[in-house]
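# Observations on chain architecture
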Amino acid sequence: MSGDPKLERIAKGNALALCATGTWTASFAPVLERMVADAEKLADTPQSIFIDVSEVAKLDTFGAWLIERLRRSLTKGPVEAQIAGLSANYSSLVDEVRRVRGAAVVDSDPITISGMLEQIGRTVAGVAGTVAGLVDMLGAVLAAWFRVLIHPRSFRLTSTVHHMEQVCWRAVPIIVLITFLIGCIIAQQGIFHFRRFGADIFVVDMLGVLVLREIGVLLVAIMVAGRSGSAYTAELGSMKMREEIDALRTMGFDPIEVLVLPRMMALVLALPILAFLGAMAALYGGGLVAWLYGGVQPEAFLLRLRDAISIDHFIVGIVKAPVMAAVIGIVACVEGLAVQGSAESLGQHTTASVVKGIFFVIVMDGIFAIFFASIGM
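Quick caveat: nothing in here was measured; it's all calculated off a predicted structure.

## Observations regarding the pattern of salt bridges
Considering all chains together, one arrives at 16 salt bridges under this definition. Its salt-bridge partner being Glu214, residue Lys320 comes within 3.1 Å of it at the nearest N-O pair. With a gap of 106 residues between them, Lys320 in helix 11 (residues 311-337) and Glu214 in helix 7 (residues 202-241) connect regions that are remote in the sequence. With its nearest N and O atoms 2.8 Å apart, the salt bridge here joins Glu335 to Lys356. Here the residue Glu335 occupies a position in helix 11, and Lys356 occupies one in helix 12 (residues 343-374), the gap between them amounting to 21 residues. Look at Glu335 and you get buried, because its relative accessible area is 7%. By relative accessible area, which is 25% here, Lys356 ends up partly exposed. A network of salt bridges, in which partner residues are shared, links Glu68, Arg71, Arg72 and Arg98.

## Some remarks on the nonpolar core
The tendency in soluble globular proteins is for nonpolar side chains to be buried as a group. Grouped together as the largest cluster of nonpolar side chains are 27 residues, with contacts concentrated most on Val224, Leu267, Leu271, Leu274 and Ile328. At the level of secondary structure, the elements contributing two or more residues to this core comprise helix 5 (157-167), helix 6 (172-194), helix 7, helix 9 (255-292) and helix 11. Ranked by the residues each element gives to this core, the list is headed by helix 7, at nine residues. Leaving out residues up to four positions away in the same chain, Ile328 has contacts with Ala221, Val224, Ala225, Gly229, Leu267 and Val361. Within the second largest apolar cluster, 25 residues are counted, among which are Ile49, Val53, Leu70 and Val97.

## A short note on helix 6
The terminal C-alpha atoms of helix 6, which comprises 23 residues, lie 32 Å apart, in line with the 33 Å expected from a rise of 1.5 Å per residue. Where helix 6 is concerned, the buried positions are Val172, Ile175, Thr179, Gly183, Cys184, Ile186, Ala187, Gly190 and Ile191. Each element contacted by the buried residues of helix 6 is listed here: helix 7 and helix 9.

## Some remarks on empty space enclosed by the protein
Summed over the entire model, instances satisfying the criterion amount to two cavities of 30 Å³ or more. Volume-wise, the largest cavity comes out at about 60 Å³. Looking at the largest cavity, the residues that line it are Val211, Leu212, Gly216, Val217, Ala275, Phe276, Ala279, Phe314, Gly317 and Ile318. Going through the elements one at a time, helix 7, helix 9 and helix 11 are the ones with two or more residues in the lining of the largest cavity. With four residues, helix 7 is the largest single contributor of residues to the lining of the largest cavity. In this structure, the second largest cavity spans a volume of roughly 30 Å³. Taken together, Thr179, Ile182, Val211, Ile215, Gly216, Leu219, Gly278, Ala279 and Ala282 make up the full set of residues lining the second largest cavity.

Criteria and thresholds
- Residues numbered from 1 in each chain as written.
- Predicted model: local features only at pLDDT ≥ 70, side-chain atom pairs only at ≥ 80, totals over all residues.
- Heavy atoms only, no water.
- Salt bridge = Lys/Arg side-chain N within 4 Å of Asp/Glu carboxyl O.
- Helix = DSSP H or I, 4+ residues; strand = E, 2+ residues; numbered from the N terminus.
- Buried < 20%, exposed > 50% of the residue type's maximum accessible area, 1.4 Å probe, protein only.
- Core = buried A, V, L, I, M, F, W, Y, C linked by side-chain atoms within 4.5 Å.
- Contact = heavy atoms within 4.5 Å.
- Expected span 1.5 Å × (residues − 1).
- 1 Å grid on protein atoms, 1.4 Å probe; cavity = no way out; pocket = protein on both sides within 12 Å on 5 of 7 lines; lining within 4 Å.
- Points joined across faces, edges and corners; volume = space filled by probe spheres on them.

As structure tokens, then:
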């Protein structure tokens, strides 16, 4: 008997037999695919069909799946095509393949008003759940902080310093570079448009107020949310997947105090420093462009900047930084602790951490803008 696979048709009374012989493995895939495709055309014949595999010399998962696919194709209504002559060596393999079912086709429901209202309700409930999770995490962090104040020896200084290095020191180059470029762009665009009115010098006022009050801290907070917030979520999510957090609870440690509080402290301390450095870099970049592109001498730039801004502008920007840092840290830790036991869940929550962190940072910036405007700052 040749090792090449074959599928012969033999008439037996009112039935038709398909006799499979040879080697039905993945190495003969093209030949097997063609034979099975030709045999599937017999589904329209009125005869009952059974598949004889008693002469199959070798069978793997690929061949078993083709035989099962052929059986399903030749099944006519309530009468199923039968597989005959299956040896004990391959019966378990064919049975396992037979358990595989195709994905059921889900009919899309028509769009109705009730369906739309239901979707809106689910979205609102999801938003409420997110806010509740953030408030719960805030309460847990505050409780852990009060416990540390009562027992200062429980504060994990080494962990906090480590996270300060990761969040603050290692972020300085990218923060300074991006804010420097943003300052250059703002100054160039301002000079380009103010020049039409002969008011080039007013670009200094715009640059100083924008950088110190809004753009500087907001841009730094967004970059920290994308850089450090995602890292926090990934770290805590990986610990959750490896059950390290459950191990901490088993040993009697509070995960909030051990894992979350040092990260929160590092972020709250780091963001004002980064915001200050970013503001200085943006002002320097804007002054450089104003000098080279707009012809504003550095002395004139500094004098105009001193008259255009006050300490209130600096305070407004710095006050926002720790609050935005706390929001970023809480969102990141909530998403990290919500990770389930799969890589897909980790990716989804890391993405959600960045998106929600940036969203809440912008919301907080709007709230601060309204608050400071109401008190005249």
